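# Structure assessment
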Amino acid sequence: MEESELKSKLMVMSRILYKEGFLDSFGHISLRIPGKDYYYISRGGPSGKGDFDTGDLVCVDFNGNKLGGDGKPPMEAIIHTELHRTREDAMCVVHVHPYYSILMTVAGIKFVPLTIQAASFGREIPVYDPAELVITGEEGKSMAEKMGSSKALLMRGHGVVTLGASIEEAYYMTYYLEESARFLVDAHRLGNIIPMSDRDVQKRLDYLSSRDPKVSPYAKVWTYHEFKTRT
Ligand SMILES: [Zn+2]
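In what follows, the accompanying structure is described. (Residues numbered from 1 in each chain as written. Predicted model: local features only at pLDDT ≥ 70, side-chain atom pairs only at ≥ 80, totals over all residues.)

### Focus: helix α7 (residues 217-230)
Its 14 residues place the ends of α7 20 Å apart at the C-alpha level, agreeing with the 20 Å of an ideal helix rising 1.5 Å per residue. Here α7 has its buried residues at Tyr-218, Trp-222 and His-225. Viewed end-on, α7 has its buried residues packed into an arc of 80 degrees, placing them on one side of the element. Projecting away from the buried face of α7 at angles above 90 degrees are the exposed residues Thr-223, Tyr-224, Phe-227, Lys-228 and Arg-230. Along its buried surface, α7 packs onto α1 (3-19) and α5 (167-190). (Helix = DSSP H or I, 4+ residues; strand = E, 2+ residues; numbered from the N terminus. Expected span 1.5 Å × (residues − 1). Buried ≥ 20, exposed ≤ 12 C-beta atoms within 10 Å, placed from the backbone. Arc of directions from axis to C-beta. Contact = placed C-beta atoms within 7 Å.)

### Regarding helix α3 (residues 99-106)
For α3, every residue scored as buried is listed here: Ser-101, Ile-102, Met-104 and Thr-105. For α3, the arc enclosing every buried residue in end-on projection is 155 degrees, short of the 170-degree limit, so these residues lie on one face. Away from its buried face by more than 90 degrees, α3 exposes Tyr-99 and Val-106. Close packing links the buried residues of α3 with β6 (127-128), β7 (152-155), β8 (159-164) and α5.

### Considerations on the pairing of strand β5 (residues 92-96)
Within β5, five of the five residues are buried, which leaves it mostly tucked inside the rest of the structure. The two faces of β5 match: Cys-92, Val-94 and Val-96 on one face and Val-93 and His-95 on the other face are all buried. Pairing of β5 with β8, which is carried by five bridges, proceeds in the antiparallel orientation. Paired with His-95 across the two strands is Val-161, which belongs to β8. (Pairing = 2+ DSSP bridges.)

### Remarks on the sheet that holds strand β2 (residues 38-42)
Taken together, eight strands build an open sheet; the order of strands is β4-β3-β2-β1-β5-β8-β7-β6 and the sheet is mixed. Lying at the two open borders of the sheet, with one neighbouring strand each, are β4 (66-68) and β6. Contacts from helix α2 (residues 78-86) reach β1 (28-32), β2, β3 (57-61), β5 and β8 within the one sheet, and its direction differs from that of β5 by about 150 degrees. Packing of α5 onto the sheet brings it into contact with β1, β5, β7 and β8, and relative to β8 it is tilted by some 150 degrees. (Axes fitted to C-alpha atoms, helices over the stretch in contact; angles between N-to-C directions.)

### Regarding the packing of α3 against α5
α5 packs onto α3 with a crossing angle of 50 degrees between their chain directions and a minimal axis gap of 7 Å. Here α3 is positioned oblique relative to α5, judged by the angle of their axes. When you trace α3 past α5, the crossing you get is left-handed. Between α3, through Tyr-100, Ser-101, Leu-103 and Met-104, and α5, the contact on the second element is made entirely by Leu-177, Glu-178, Ala-181, Arg-182, Leu-184 and Val-185. (Parallel < 35°, antiparallel > 145°, perpendicular 65-115°, else oblique. Left-handed = near helix turned anticlockwise from the far one by under 90°.)

Written out as structure tokens, the structure is:
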């Protein structure tokens, strides 16, 4: 896919995340261009978010320097810089602040997979403990270290970071992290937790890695949600 097509697709993701309530006054998304040493990120500052187009993207290098675009990178752009720089599988990175994912971290609820979608994250999701914005290079490094090779990071009292090797995968991880958190919070309210077995979690991971990208759950979830934004 050409760079311009990828940027347009990222803006489709921006609209979906806005409609689904993930991107609000805060939050940002970014996309690394394959083979290049820079990435695009949705600009910071006040905005409606739902009307973003490719003109709202800022180009940033792996040292965090702005290379082009009209606006400024968001205050927490270091989250994206660090992950694009260090992780091959971080083509698309999302940082948002969804209610149930944050609630888990402040209610002392530890992630365990309860559903097959939740099993897509494996057995554990790391929690970044400092309840503060990630702004400096040191904070960015410490956040990326805590995230390790996980597709998702919970940030106590703050939000989440999710990523994928494609825009579709990053969207899937963002959507199902919040859904998994909602299941967990409600299961705790009901008072009975039945986590998935190690075998079932591994089956889910094997299934995801073996699917043709065109018919994978990532593609299905993307197509369904993209259609929803148009109807
Ligand atoms: Zn934040």
